[in-house]
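The lines below spell out each chain.
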Amino acid sequence: MTGQKNNNVNDDLNRHFEEVYEKTRRSVTLYLIAKCKCFDDINDVLQEVYIEYFRTIQKKGIEYVDDEEAFLIALCKKKLASYYSFWDRIANRTSLDVTAVSELKDHMDHEEQWCDMEDDFYRKEMLQDVQEILRQQPDCVQKIFYLYYTMELTVPEIAGVLSVKPQTVKNKLFRTRKYIRKLLEDR
């Protein structure tokens, strides 16, 4: 009987966690995009936040957290402080997150249909070139491209998340796309 009760509690806990994750993932991710120093760090901190949340509700119960989103944002702040105190002691790192590149590639994959293998080969080569060019851009540009092409936010929404003017977002998108196009044409 006790084993059955433990299974029910674990099932409830897992179900609750999944519901909270689905409900809050977007807002927590947007918060981290706005606050992370380096685009590369977003997924690491996001994972740490949700692991900490799960441990908390596992230890103290589901009822312990009244407002999940507020609790998760508070965890983000705590995790960001400890994460950067660690990484600030290590050499500075910058690159476009592999997951983000994969999602950007997937988004671009759906945009156009290629007829034959030769086109597919050139397209994949071009995507790799675009990914490499984006890796060399400042974190702000990487964030803007991720928010625009992967999370499909509008320019005003991106401006709000990153606390910049909409015109800044438009300029960075326009100039970076123009820069990428020029580099690709030169090759």
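These lines cover the structure that appears in this document, whether it is placed above or below. Please read all numbers here as calculations on a predicted model, not as lab measurements. (Residues numbered from 1 in each chain as written. Predicted model: local features only at pLDDT ≥ 70, side-chain atom pairs only at ≥ 80, totals over all residues. Heavy atoms only, no water.)

**Some points on the packing of helix α6 (residues 139–150) against helix α7 (residues 155–162)**
Piece 1. Running from N to C, α6 and α7 cross one another at 135 degrees; their axes reach a closest spacing of 10 Å. Relative to α7, the element α6 lies oblique. Here the hand of the crossing between α6 and α7 comes out right-handed. Together, Lys143, Ile144, Leu147 and Tyr148 of α6 and Val155, Ile158, Val161 and Leu162 of α7 make up the contact between the two elements.
Piece 2. Split into classes, the residues belonging to the contact of α6 with α7 amount to seven nonpolar, no polar and one charged. (Axes fitted to C-alpha atoms, helices over the stretch in contact; angles between N-to-C directions. Helix = DSSP H or I, 4+ residues; strand = E, 2+ residues; numbered from the N terminus. Parallel < 35°, antiparallel > 145°, perpendicular 65-115°, else oblique. Left-handed = near helix turned anticlockwise from the far one by under 90°. Contact = heavy atoms within 4.5 Å. Nonpolar A, V, L, I, M, F, W, Y, C, P; charged D, E, K, R; others polar.)

**Remarks on unusual backbone geometry**
Piece 1. Residue glutamate 152 is not a glycine yet carries a positive backbone phi of 55 degrees.
Piece 2. Note on placement: glutamate 152 falls in the loop between α6 and α7.
Piece 3. Judged by relative accessible area, which is 54%, glutamate 152 ranks as exposed.
Piece 4. Of note in this structure, serine 163 is not a glycine but carries a positive phi near 55 degrees.
Piece 5. By the element assignment, serine 163 lies in the loop between α7 and α8 (166–186).
Piece 6. Given a relative accessible area of 65%, serine 163 falls into the exposed group. (Buried < 20%, exposed > 50% of the residue type's maximum accessible area, 1.4 Å probe, protein only.)

Note that every value here comes from positions in space, so none of it alone points to a role or purpose.
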